[in-house]
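What the coordinates show
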Amino acid sequence: MEYKLNSSSSIPIIHVPTKISNSPPPSSSPPISQSQSPTSCAPPSPPPPVVVSPCAACKILRRRCVEKCVLAPYFPPTDPLKFTIAHRVFGASNIIKFLQELPENQRADAVSSMVYEANARIRDPVYGCAGAICQLQKQVSELQAQLAKAQAELVNMHCQQTNLVALICMEMSTSNTHQSSSHQEQHHMMMIQPQNNNNNNNHVDMSCFIDDNNLASAWEPLWT
C-alpha cells in the first residue's frame with residue numbers, strides 16, 4: 001500500500017492494489033452429480049390448492065388470513081354461507097381442531113360432513129341428521145315393500161300365463177281327439193252303409209204272393 005501526498009491538497013490519496021484471479025467465473029447452475037441422470041427425475045408433486053386470500057372464514061371472523069390458513073382451502077370467499085352454517089353449530093375453534101387432527105386427504109370430506117350435519121341440525125334442532133337418516137330408512141323400507149309386492153305380482157302373472165298355456169294345449173289335444181273319433185265314426189258308417197244296401201238288394205218282397213188260405217177267403221164272396 002502506498003501513500004502519496006499531493007502538493008496542492010493536504011488530503012492523502014490511498015492506492016489499493018487489486019489482485020486479479022485467473023479462475024473462471026462460477027456457473028449459475030449447480031453441477032450435475034454422476035449418480036443423477038437427466039432422465040431419472042422424481043415425479044412432479046401435485047400443485048397446491050389455489051387459495052384466494054382472505055378466505056370466507058377469516059373474513060367472517062374478522063381476522064387476518066395467514067398464508068398457511070387451515071380453513072382457507074375449504075371455505076373460499078365465494079361461498080361464505082358454507083362457513084356461516086358450520087360456524088353456527090360447531091364453532092370456529094372446533095372446526096380448526098377437527099381439521100388439524102385429520103390428514104389433508106380427509107379434510108374435504110370432513111368439511112362436507114360438518115356442513116351437512118349443521119344444515120340438518122338447523123332444520124331439525126331436536127333430531128338433527130338422525131331424523132333425516134330415519135326418514136331415509138323409512139323410504140327405503142317402503143320401496144322394498146313395493147318391490148316385493150311387484151315381484152309377487154310378477155310371479156303370479158307368470159303362473160297364470162303358464163296355466164293358460166297348459167289349458168290351451170289341453171283343449172287343442174281334446175279337440176284333436178274328438179276330430180279323430182268323429183273321422184273314425186264317419187269312416188265306420190261309410191263302411192256299414194254298403195253292406196246294408198247289399199242286404200236290401202238281396203231281400204225279396206213277398207207281399208205280392210198271396211197265401212192259399214188268403215186266396216180262398218178272397219174268392220168266397222164271389223161264389224155266394
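Now for a quick tour of the structure. (Residues numbered from 1 in each chain as written. Predicted model: local features only at pLDDT ≥ 70, side-chain atom pairs only at ≥ 80, totals over all residues. Heavy atoms only, no water.)

Another aspect to go through is the packing of aromatic side chains. Applying the stated rule across the entire model yields one aromatic pair. Ring geometry for Phe 75 against Phe 83: centres 5.1 Å apart, planes inclined by 75°, an arrangement best described as edge-to-face. Like Phe 75, the residue Phe 83 is buried in the burial classification. (Phe/Tyr/Trp six-rings, centres within 6.5 Å; stacked < 30°, edge-to-face > 60°. Buried < 20%, exposed > 50% of the residue type's maximum accessible area, 1.4 Å probe, protein only.)

Right, let's get into the nonpolar core. Most often, soluble globular proteins have nonpolar side chains that are buried together. Core analysis: the biggest nonpolar cluster contains 22 residues, and Leu 71, Phe 75 and Ile 95 have the highest contact counts within it. If you list the elements that add at least two residues to this core, you get helix H1 (56-61), helix H2 (80-89), helix H3 (92-101) and helix H4 (104-123). (Core = buried A, V, L, I, M, F, W, Y, C linked by side-chain atoms within 4.5 Å. Helix = DSSP H or I, 4+ residues; strand = E, 2+ residues; numbered from the N terminus.)

Bringing unusual backbone geometry into the picture now. The phi dihedral of Arg 62 falls on the positive side, at around 60°, and the residue is not glycine. Tracing the backbone through its elements, the reader meets Arg 62 in the loop between H1 and H2. Since its relative accessible area comes to 78%, Arg 62 is described here as exposed.

With that settled, the discussion passes to the packing of H2 against H4. Contact geometry of H2 with H4 gives a least axis separation of 8 Å together with a crossing angle of 70°. Considering their axes alone, H2 and H4 lie roughly perpendicular with respect to each other. Pair H2 / H4 crosses with left-handed handedness. Here H2 contributes Lys 82, Ile 85, Ala 86, Arg 88 and Val 89 to the contact with H4, which in turn contributes Val 111, Val 115, Ala 118, Asn 119, Arg 121 and Ile 122. Looking at the contact of H2 with H4 residue by residue, the class counts come to seven nonpolar, one polar and three charged. (Axes fitted to C-alpha atoms, helices over the stretch in contact; angles between N-to-C directions. Parallel < 35°, antiparallel > 145°, perpendicular 65-115°, else oblique. Left-handed = near helix turned anticlockwise from the far one by under 90°. Contact = heavy atoms within 4.5 Å. Nonpolar A, V, L, I, M, F, W, Y, C, P; charged D, E, K, R; others polar.)

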